[in-house]
Amino acid sequence: MQKFSGFSLIRQALSGHQGWQAQWRTPEPKASYDAIIVGGGGHGLGAAYYMAREHGLKNIAVLERGWIGGGNTGRNTTIIRSNYLFDESAALFDHAVKLWEGLSQDLNYNVMFSQRGVLMLAHTVHDVQSFKRHIHANRLNGVDNEWLSAEEAKEFCPPLNISPGMRYPVVGAALQRRGGVARHDAVAWGYARAADALGVDIIQNCEVTGIRRGVNGAVEGVETTKGFIGSKRIGVSAAGHTSVLMAMAGVRMPLESYPLQALVSEPVKPVFPCVVMSNTIHAYISQSDKGELVIGAGTDAYTSYSQRGALHIATHTLDAICELFPMFRRMRMLRNWGGIVDVTPDRSPIIGKTPVPGLFVNCGWGTGGFKATPGSAHVFAHTIATGEPHKINAPFTLERFRDGLMIDEAADAAVAH
């Protein structure tokens, strides 16, 4: 059967999933592969690409139960930044930012990466202290971050309301100029096309229903809706469903799943110059290249696999946006959705080996998955190909929860979880 190409991905974008499926078919799976990646989002496709390009593994399959980029990769708010507090987090996310900076050239595909700056607003004394702590920690790690007064923040982002009469007046902001946005689904398409060119089989509509283990406990392959597919190396990178998949191999994960909401407005001419985030009132906003205002909300307070989330979360976020940016009060919302995020006890990811030989996992990103995409994919590929973690993801082990070696970004990631 004919494998898809970059042209088919464009056809999918233009004509929709059903029309694309009628014109193009993905390959039938082989009996076995050198490595299998479960999950056809940015992290999974990127890991397959880097394994093929940097580690010489050509016989790789990416298994996706739906279509590529149809999960959380296509349901995020596109923000990219690396201003995390802890050394381990800063190293991982800044590794990603550096890869983002050359990703369009690397993939020969425009992922629309725009370093327009990420402005994080302070409204309280605690915010000021927390952000200045971030700035000092970031600079020690070679990560750019700077403090702005409220007036300087407005100069950088003219639509911002800094009136002292606001419920939560803006008293300053932290700015990472290297931060920005990219087109979410283009990242999946770019990695897919590049991996496909290197011989990776990308198999859509192929749901994993079981993980088979041998007499020695090591993985032997996966049961799927397209039959059994053998491999001695399996990487699971399926946001929102990791616990279900890992349970198939008898591994219990320290994860909870929550709906995370976002919405976009009707498109307008370019009016918003950067990304603005506010932790205190929890709202963040940027403008896409299509002209939509991309607005992010918080997670629901309860675990769920809903892809809609609670209405009051989005309402609260829009109230905050309208106070911060009064010029948007008459804008109409175009659509609202929710992604499912896996959250660990310390709000940091798990990237590494599992107790099952040959089984690897990349999960638990919470709200940070998209911004980490190339960095996460790169170190995950190294881990699967070599059997040992890259030095950047070495601290993000599953065992840290057993040993108490937390990387606790729960409050320090600068967003409300």
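Note: the structure precedes this text.
What counts as what
- Residues numbered from 1 in each chain as written.
- Predicted model: local features only at pLDDT ≥ 70, side-chain atom pairs only at ≥ 80, totals over all residues.
- Heavy atoms only, no water.
- Helix = DSSP H or I, 4+ residues; strand = E, 2+ residues; numbered from the N terminus.
- Rg over C-alpha atoms; globule rule 2.2 N^0.38 Å.
- Buried < 20%, exposed > 50% of the residue type's maximum accessible area, 1.4 Å probe, protein only.
- Areas by Shrake-Rupley, 256 points an atom, 1.4 Å probe, with all protein chains shown as cover.
- Lys, Arg positive; Asp, Glu negative; His and termini not counted.
- Charge placed at Lys NZ, Arg CZ, Asp CG, Glu CD.
- Pairing = 2+ DSSP bridges.
- Axes fitted to C-alpha atoms, helices over the stretch in contact; angles between N-to-C directions.
- Core = buried A, V, L, I, M, F, W, Y, C linked by side-chain atoms within 4.5 Å.
- Contact = heavy atoms within 4.5 Å.
- Phe/Tyr/Trp six-rings, centres within 6.5 Å; stacked < 30°, edge-to-face > 60°.
- Salt bridge = Lys/Arg side-chain N within 4 Å of Asp/Glu carboxyl O.

## Focus: the overall build of the protein
In terms of helices and strands, the protein carries twelve helices and 20 strands. Expected size for 417 residues packed as a compact globule is a radius of gyration near 22 Å; at 21 Å, the protein falls within 12% of this value. Each of the three principal axes of the protein carries a C-alpha extent, and together these read 65 × 50 × 40 Å. Evaluated residue by residue, the protein yields a buried proportion of 59% over its 417 residues. Counting only carbon and sulfur atoms, one obtains 52% of the accessible surface of the protein, whose full area is about 16,800 Å². Averaging the locations of the 39 positively and 36 negatively charged side chains of the protein gives two centres separated by 5 Å.

## Quick word on the sheet that holds strand β14 (residues 256-265)
Overall, mixed pairing links the eight strands, which are arranged β6-β7-β5-β15-β16-β17-β14-β18 in an open sheet. Looking at which strands have only one partner, the edges of the open sheet turn out to be β6 (146-148) and β18 (333-343). With direction set aside, neighbouring strand axes in the sheet form an average angle of 20°. Bridge analysis of β14 against strand β17 (residues 293-299) gives four bridges, and the strand direction is antiparallel. Within the sheet, the bridge partner assigned to Ala262 lies in β17 and is Gly296.

## Some details on the nonpolar core
Of all hydrophobic cores here, the largest spans 50 residues; its most connected members are Leu45, Met51, Trp100, Tyr191 and Val200. The set of elements that each furnish at least two residues to this core consists of β2 (35-38), α3 (42-54), β3 (60-63), α4 (87-101), α5 (103-107), α8 (184-197) and α11 (373-386). Looking at this core element by element, the count peaks at eight residues for α8. Sequence-distant contacts of Tyr191, defined by excluding residues within four places in its chain, comprise Gly42, Leu45, Gly46, Tyr49, Tyr50, Leu103, Leu107, Thr373 and Pro374. In terms of nonpolar packing, the next biggest core, distinct from the first, is built from 28 residues, Ile36, Leu63, Ile211 and Leu245 among them.

## Notes on the packing of aromatic side chains
Applying the stated criterion across every chain, the model contains ten aromatic pairs. Measuring from centroid to centroid gives 5.9 Å for Trp100 and Phe113, while their planes differ by 25°, and the two rings are stacked. One end of the pair, Trp100, is in helix α4; the other, Phe113, is in the loop between α5 and β5 (118-122), with 13 residues separating them in the sequence. As far as burial versus exposure is concerned, Trp100 and Phe113 are alike and both buried. Ring geometry for Phe325 versus Phe328: centroids 5.9 Å apart, planes at 45°, classification tilted.

## Considering the pattern of salt bridges
Under the definition given, this model contains 14 salt bridges. Residues Arg400 and Asp346 are paired through a salt bridge, measuring 2.9 Å at the closest nitrogen-oxygen approach. Placement of the pair is Arg400 in helix α12 (residues 400-403) and Asp346 in the loop between β18 and β19 (350-353), with a sequence separation of 54 residues. Here Lys353 and Glu388 are joined by a salt bridge, their closest N and O atoms 3.3 Å apart. Here Lys353 is found in strand β19, whereas its partner Glu388 is found in the loop between α11 and α12, with 35 residues between them in sequence. In this structure Lys353 comes out as partly exposed when scored by relative accessible area, which is 36%. For Glu388, a relative accessible area of 44% gives the class partly exposed. A single network of salt bridges, built from pairs that share partners, joins Asp94, Lys98, Glu101, Asp144 and Arg178.

## A short note on the sheet that holds strand β20 (residues 359-363)
As a general point, the strands of a sheet are linked pairwise by backbone hydrogen bonds and lie either parallel or antiparallel. Strand order in the open sheet formed by six strands is β9-β3-β2-β13-β20-β19, with mixed pairing between adjacent strands. Of all the strands in the sheet, the pair left with one neighbour each is β9 (201-203) and β19. Sheet twist, expressed as the average angle between the axes of neighbouring strands with direction ignored, equals 15°. By the bridge criterion, three bridges tie β3 to β9 in an arrangement that is parallel. Residue pairing in the sheet places Ala61 in a bridge with Asp201 of β9. Most of the contacts of α11 go to β20, to which it runs at about 170°, and overall it touches β2, β13 (234-236), β19 and β20.

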